[in-house]
Amino acid sequence: MKNLIFIFFVGLFPAQQSWNLQQCLDYAAANHPLVKQATVNIKKNDHQIAASKGMLLPSVEAGVDHSYSFGSSINQSSNQREVMNTQYDQLKAQANIELFNWRNYVNISLSKLNKETSSYKLKRAQNEVKLNVIQTFFIYQNSKSWLDVLETQISGIEEQIKRTEKEVEIGSRSKSDIYDIKANLGTLQEQWVSAKNQRDLAKINLLNALAIPQDSIDFVTTHEEALAEDDFNQSDFTKRLLENNPAYQTVLAEIKAQEKTIDLAGSAYLPTLNGSYSWSTFYNKSLNNNASTASFSDQFSQNKNQSVSFGLNIPIFNRFQVKNNVEVAKLNVINSTYDKELIVNNLTQSINSIKAQYINAQEKYTLLEANFENQKLSFQKSEEKYKEGLMDAYTFFVVRNNWLQANYNLINSKNDVIQQTELLKVLKTGL
């Protein structure tokens, strides 16, 4: 219900909104087409289970026949063949039931396993969508931060040019300082154009990851809690994340379903027992003018017929079809075990890679914090020297840009820490 209200307000107010990462993840986990497809598959499995259970019930049908016969036919009254024209009406009902067919029971179990597999596939789709959103979200944030740095640099250098021009006019600085600064302005502007294009593409990719066609959202970062490093030191860290991952749970469920298909194929070896009940009555009328016919109600009562039958079918030779089907089902199980190995390898690589990147990102962030403070102090001292005329404009420009670059590096590193934290959160949440 919350998601519906959320979507309603998105459509009602198309103006720019601000979403943080968690809002993006909540939206994608509920509204991405891959997630919706997986949800539909679960509903399909519910109907397949109901259909499998329905095979245990009898099938019942009723019918009415109305026909005319001209020429030689059997007189229903005398049971003799005569040349006569007749009208024949029949009312019938029949019920058939498979009293025993092992295939029906196996199908019910298989349908339940397929639903279980679909449930894991839904969670797997949600995880994959979330992981993609996290990565594209921080790519966008980093590209936006870099653009901000360049805009700050360009704004600063333009102010510096104006200030330097005034100082040249009064003779406190040489005109070459202006040339030195302007020489770097064009380079910064070119970088700004490329950075703006990079930011726009990153936002397009993020909107695509969210399956949102319109650009009406501004994506912002909020303070995130870092993951405790103690989690990494636990001996079963990778194993826990692996076993809780929906991709791993999906392949386990698929193996169970494939094993059940062996039983399904083998059920064709077993006999089946069928039962049938039928009821019918008819009305026969001669169309000859001189023929006398009993009334409809009399014939309806007199011509009633009921029958009950049982049939046992025992398969003896089926041209090796069942044997081959069983062998194919066994090979499918073997293939599924190889799929499991691939999933384990890929997930182990992903988990260990994120773990290593997280540790490295934290170490890098610690170092960059110290570097940022040093760059800030260097900039402050250089600014004092520049104002006192003890430093030329180009050198001050380099120092200032180094400080801004350090600022960007710190933001980028912090985003990297948060990104790896969020990726691990998704993997830890699992089911």
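Residues numbered from 1 in each chain as written. Predicted model: local features only at pLDDT ≥ 70, side-chain atom pairs only at ≥ 80, totals over all residues. Heavy atoms only, no water.

Novice: Can you explain the overall build of the protein? Please cite residues and give values.
Specialist: Looking only at helices and strands, the protein features 11 helices and eight strands. Residues counted as buried form 35% of the 431 residues belonging to the protein. In the protein, 82% of the contacts between residues at least 6 apart in sequence involve partners at least 24 apart. Taken as a whole, the protein presents about 25,400 Å² of accessible surface, with 52% of it coming from carbon and sulfur. (Helix = DSSP H or I, 4+ residues; strand = E, 2+ residues; numbered from the N terminus. Buried < 20%, exposed > 50% of the residue type's maximum accessible area, 1.4 Å probe, protein only. Contact = heavy atoms within 4.5 Å. Areas by Shrake-Rupley, 256 points an atom, 1.4 Å probe, with all protein chains shown as cover.)

Novice: Explain the sheet that holds strand 5 (residues 86-100) to me, using residue names and the numbers behind them.
Specialist: Sheet strands line up and pair through hydrogen bonds in the backbone, either parallel or antiparallel. Sheet architecture is open: four strands sit in the order 2-5-7-8, paired in antiparallel fashion. The outermost strands of the open sheet, each flanked by one partner alone, are strand 2 (59-69) and strand 8 (305-313). Neighbour to neighbour, the strand axes of the sheet diverge by 20° on average, direction disregarded. Two elements, strand 2 and strand 5, share 11 bridges in a ladder whose sense is antiparallel. Paired with Val64 across the two strands is Leu91, which belongs to strand 5. (Pairing = 2+ DSSP bridges. Axes fitted to C-alpha atoms, helices over the stretch in contact; angles between N-to-C directions.)

Novice: Which residues make up the nonpolar core, and what are the values?
Specialist: Counting 43 residues, the largest nonpolar core has Trp19, Val133, Leu210 and Phe219 as its most contacted members. Discounting residues that sit within four places of it in the chain, Val133 has contacts with Cys24, Leu25, Ala28, Leu206, Ala209 and Leu210. (Core = buried A, V, L, I, M, F, W, Y, C linked by side-chain atoms within 4.5 Å.)

Novice: Talk me through the pattern of salt bridges; I want residue IDs and the actual numbers.
Specialist: Tallied over the full model, the rule gives 12 salt bridges. When the shortest N-O distance is used, the salt bridge between Arg124 and Glu128 registers 3.2 Å. On the criterion of helical spacing, the pair formed by Arg124 and Glu128 is a turn pair, its members being four residues apart in helix 4 (residues 102-169). For Arg124, a relative accessible area of 27% translates into the label partly exposed. (Salt bridge = Lys/Arg side-chain N within 4 Å of Asp/Glu carboxyl O.)

Novice: Quick one: what's the story with the confidence of the model for the protein, residue by residue and with numbers?
Specialist: Looking at the protein as a whole, its pLDDT mean stands at 84, while 89% of the residues score no less than 70. Here helix 1 (residues 2-12) stands out as the least confident element of the protein, with mean pLDDT 47; helix 3 (residues 33-54) is the most confident, with 95. Counted against residues more than four places away or in other chains, residues 4-10, with its pLDDT under 50, gives six contacts. (pLDDT = per-residue confidence, 0-100.)

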